[in-house]
Amino acid sequence: QVQLVESGGGLVQPGGSLRLSCAASGSIFRVNAAGWYRQAPGKQRALVAAITRSGSTNYTDSVKGRFTISRDNTKNTVYLQMNSLKPEDTAVYYCNADLIYYSGSYILAGDYWGQGTQVTVSS
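The structure contained in this document is the topic of the report that follows. In this text, all values refer to a predicted model and were calculated from it rather than measured experimentally.

## Some remarks on the sheet that holds strand E8 (residues 77–82)
Then, number 1: Taken together, the four strands give an open sheet; going across it, the order is E1-E3-E8-E7, and neighbouring strands pair in antiparallel fashion. Two strands bound the open sheet, and with one partner strand each, they are strand E1 (3–7) and strand E7 (67–72). The average angle at which neighbouring strand axes cross in this sheet is 15 degrees, direction not considered.
Then, number 2: Across six bridges, strand E3 (residues 18–25) lies against E8 in antiparallel orientation. The partner of Leu-18 across the bridge, within E8, is Met-82.

Here it is, written out as structure tokens:
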């Protein structure tokens, strides 16, 4: 069973920091491009940050300079370091990744989502 497992969400005060992790588990051959999305109540899910396999990144304007996406290809894990958090960052954060994996004698590809982790920024 191939899946993305997220961790690291929680409650933090404005100005605080959190680090989210997204680990690909199962018979993973490679994690290609990956990204973090968020969905606030009553809003659509939107891209926060993305990273290619080689490490090129892009961010939505509202998090530039505060959030950093990174990856460890040896651990098949993607991270989102969030600093200077604001109440408007409150949302469920989802990891998304393009996975290459083994299935029997085959190598398959698929787009996967994590289960989501709640981030709440409040005093």
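Having put the structure on the table, let's press on.
## Remarks on the packing of aromatic side chains
Each aromatic ring pair is described using two quantities: the centre-to-centre distance and the angle formed by the ring planes.
Then, number 1: Enumeration over the complete set of coordinates arrives at three aromatic pairs.
Then, number 2: Seen from their ring centres, Tyr-101 and Tyr-112 are 5.9 Å apart, and the 85 degrees between their planes marks the pair as edge-to-face. Of this pair, Tyr-101 sits in strand E9 (residues 91–103) while Tyr-112 sits in strand E10 (residues 106–113), and the two are eleven residues apart along the sequence.
Then, number 3: On the basis of relative accessible area, Tyr-101 is assigned to the buried category, the value being 13%.

## Side note on the nonpolar core
Then, number 1: Grouped together as the largest cluster of nonpolar side chains are 30 residues, with contacts concentrated most on Trp-36, Phe-67, Ile-69, Leu-80, Met-82, Tyr-93 and Leu-99.
Then, number 2: When contributions to this core are tallied by element, the ones reaching two or more residues are E3, strand E4 (28–39), strand E5 (46–51), E7, E8, E9 and strand E11 (117–121).
Then, number 3: Take this core: its biggest share by element is six residues, from E9.

Reading the values: the criteria
- Residues numbered from 1 in each chain as written.
- Predicted model: local features only at pLDDT ≥ 70, side-chain atom pairs only at ≥ 80, totals over all residues.
- Heavy atoms only, no water.
- Pairing = 2+ DSSP bridges.
- Helix = DSSP H or I, 4+ residues; strand = E, 2+ residues; numbered from the N terminus.
- Axes fitted to C-alpha atoms, helices over the stretch in contact; angles between N-to-C directions.
- Phe/Tyr/Trp six-rings, centres within 6.5 Å; stacked < 30°, edge-to-face > 60°.
- Buried < 20%, exposed > 50% of the residue type's maximum accessible area, 1.4 Å probe, protein only.
- Core = buried A, V, L, I, M, F, W, Y, C linked by side-chain atoms within 4.5 Å.

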